[in-house]
Amino acid sequence: MWKLFVYSGIGAFMFFVPVTIAGKNTIMLDHIVSFLQAGIAPVLPYYALAVIIAGAAYPFIAGTWKRSAVEVAFSVLKVVGVVVGFMMVFKVGPAWLFEPGMGPFLFEKLVIPVGLLVPIGAVFLALLVSYGLLEFIGVMVQRVMRPIWRTPGRSAIDAVASFVGSYSLGLLITNRVYKEGKYTARESAIIATGFSTVSATFMVIVAKTLDLMGQWTAYFWITFLVTFVVTAITVRIWPLNSIPDEYHPEAVPQPEEDVTGRRLSVAWREARQTVEAAPPLAVNVWTNVRDGVLMAMAILPSILSIGLLGLVLATYTPVFDWLGFLFYPFTWALQLPEPMLVAKASAVGVAEMFLPALLAAEAVPVVKFVVGVVSVSGIIFFSALVPCIMATDIPIPVWKLVVIWFQRVVLTLILVTPLAFLLFPS
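Quantities reported herein were computed from a predicted structural model and do not represent experimental measurements. (Residues numbered from 1 in each chain as written. Predicted model: local features only at pLDDT ≥ 70, side-chain atom pairs only at ≥ 80, totals over all residues. Heavy atoms only, no water.)

*Asks:* Before we move on, could you go through the confidence of the model for the protein and cite the residues and values that matter?
*Replies:* With 97% of its residues at a pLDDT of 70 or more, the protein shows a mean pLDDT of 86. Averaged pLDDT values for the elements of the protein fall to 71 in helix H7 (residues 156-164) and rise to 96 in helix H15 (residues 328-333). (pLDDT = per-residue confidence, 0-100. Helix = DSSP H or I, 4+ residues; strand = E, 2+ residues; numbered from the N terminus.)

*Asks:* Explain helix H5 (residues 103-129) to me, using residue names and the numbers behind them.
*Replies:* The largest bend along H5 reaches roughly 40° and is located at Val 123. Burial runs high along H5: 24 of the 27 residues are buried. (Bend = angle between axes of the 7 residues up to and from the residue. Buried < 20%, exposed > 50% of the residue type's maximum accessible area, 1.4 Å probe, protein only.)

*Asks:* An account of the environment of Pro 94 is needed here, citing residue identities and associated values.
*Replies:* Looking at the element boundaries, Pro 94 is found in the loop between helix H4 (69-90) and H5. Measuring from C-alpha to C-alpha, the distance between Pro 94 and Phe 381 comes to 25 Å, with 287 residues separating the pair along the chain.

*Asks:* Could you give an account of the pattern of salt bridges, naming the residues involved and the relevant values?
*Replies:* In the structure shown here, the tally under the stated rule is five salt bridges. Close ionic contact of Arg 146 with Glu 187 constitutes a salt bridge, the shortest N to O distance being 3.1 Å. Of this pair, Arg 146 sits in helix H6 (residues 133-149) while Glu 187 sits in helix H9 (residues 185-194), and the two are 41 residues apart along the sequence. Shared partners join several salt bridges into a network, and the residues in it are Arg 176, Glu 180 and Lys 182. (Salt bridge = Lys/Arg side-chain N within 4 Å of Asp/Glu carboxyl O.)

*Asks:* How would you explain unusual backbone geometry if you had to name every residue and give the values?
*Replies:* Geometrically, the link from Trp 238 to Pro 239 is a cis peptide bond, its omega value of 10° lying close to zero. Positive phi is not limited to glycine here, since Lys 91 has a value of about 55°. Here Lys 91 is to be found in the loop between H4 and H5. For Lys 91, a relative accessible area of 62% corresponds to the exposed category. Notably, Ile 379 is not glycine yet its phi reads approximately 65°, a positive angle. Exposure remark for Ile 379: the relative accessible area of 4% places this residue in the buried category.

*Asks:* Tell me about the packing of helix H16 (residues 339-348) against helix H18 (residues 365-377), residues and numbers included.
*Replies:* Closest axis-to-axis distance for the H16/H18 pair is 10 Å, and the angle between their directions is 20°. Comparing their axes, H18 and H16 come out roughly parallel. The handedness of the crossing between H16 and H18 is right-handed. Here Leu 341, Val 342, Ala 345 and Ser 346 of H16 come into contact with H18, specifically with Val 367, Val 370, Val 371 and Val 374. (Axes fitted to C-alpha atoms, helices over the stretch in contact; angles between N-to-C directions. Parallel < 35°, antiparallel > 145°, perpendicular 65-115°, else oblique. Left-handed = near helix turned anticlockwise from the far one by under 90°. Contact = heavy atoms within 4.5 Å.)

*Asks:* Tell me about empty space enclosed by the protein, residues and numbers included.
*Replies:* Under the counting rule described, the total for this entry stands at one cavity of 30 Å³ or more. The computed volume of the largest cavity comes to approximately 60 Å³. Mapped onto the lining of the largest cavity, the elements with two or more residues apiece are H16, H18 and helix H20 (398-423). Partitioning the lining of the largest cavity into residue classes produces nine nonpolar, four polar and no charged. (1 Å grid on protein atoms, 1.4 Å probe; cavity = no way out; pocket = protein on both sides within 12 Å on 5 of 7 lines; lining within 4 Å. Points joined across faces, edges and corners; volume = space filled by probe spheres on them. Nonpolar A, V, L, I, M, F, W, Y, C, P; charged D, E, K, R; others polar.)

*Asks:* Pulling in residues and values, what's your account of the packing of H18 against H20?
*Replies:* For any two helices packed against each other, one specifies the inter-axial angle together with the distance between the axes. Where H18 contacts H20, the axes come no closer than 9 Å and their chain directions differ by 145°. Pair H18 / H20 crosses with right-handed handedness. When H18 is examined against H20, the residues Val 366, Phe 369, Val 370, Val 373, Val 374 and Ser 377 are found in contact with a partner set consisting of Arg 408, Val 409, Thr 412, Leu 413, Val 416, Thr 417, Ala 420, Phe 421 and Leu 423. When grouped by side-chain class, the residues that make up the contact of H18 with H20 number 11 nonpolar, three polar and one charged.

*Asks:* How would you summarise a nonpolar patch on the surface if you had to cite specific residues and measurements?
*Replies:* On the surface, a nonpolar cluster with roughly 450 Å² of combined accessible area is contributed by Phe 60, Trp 65, Val 72, Val 76, Val 79 and Val 80. With four residues, H4 is the largest single contributor of residues to the nonpolar patch. Within the secondary structure layout, Trp 65 lies in the loop between helix H3 (44-62) and H4. (Patch = residues over 30% accessible without salt bridge, like charges linked within 9 Å, V, L, I, M, F, W, Y side chains within 5 Å. Areas by Shrake-Rupley, 256 points an atom, 1.4 Å probe, with all protein chains shown as cover.)

Here you go:
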């Protein structure tokens, strides 16, 4: 059982414990990625391009590109991602592509960090989820997770991994546990669309952009609370409640035991059984790294193609102005100042979660606060999270993700607006 404490302890430390190094306070995994970004910066664009090329070629080599119309579309978009990747690395292409908020933002702020974070995170993920910690925590918090969010207790690890680390790491955990038969399709979809938030580190960037650092504590905790209250509501309505409660077709179902008494002893027994069944460390790490590399290959070309399309539509077309009219009745009814601005900012978040903050940077404080919370609580955005979900085995189509995003945005507006007026009385 030393493995539970040593291996799981190392994994938990790397994912969950913020450490201050050189004035930067974040988790160790983020420090490692930042160190690599600084140390081998000239090599990283070529590394990212190699992963993008491999990711675009993989569907055609494996033959998965023709499974469905969605697979065909995503496979074509990945090829487009390769073209954009070549233009970014070799600095060729139209001037608009090299505007700071376009290609450079996607490539430097998303593609390179995610390309490093997912494979490196996979190494420590092997330690975090394979040696009993997941099962132990799961039994201990089952009484909370199951009634409120209709997910197993072990999903608490996913929620924390996303909030302090990254949605890509949270999805890596979710996909791994789903493929092991410990989550059903519905549970995996709930976790992917309800817990896979941007990290607290990225929330700081949003708060700085909106000049909300003076209210950081209130912003952080209200965002945290609203996000998970919205998730508790969406799990009870269509389309999430219609997803089959079935296990991965290739997995042996391992449902979480419903514990009523002697919770600590049951948690210890579950952890012991997991440790006994765990593969050798080297095999375990290799399996996770392989999954991490495959996920990075699936994500990176999609970020460059889908993400760029979203940014272009948001910047150069009125598409998101039109989409904003979907939310205008809600922002108007809630008597928000500048209701059309809030509606457009809410709509543009589906392209990239950072865009709403840029739109509302000069607005009044109430609007800034509402937009700041909506951009995080909406969760689903096409520049990165949707490609991440599509790279997993979780069976949730893109159109359902769009419906869930709309539900989350509306519910967030309704919940956060009264709190924003209390914080910033006019």
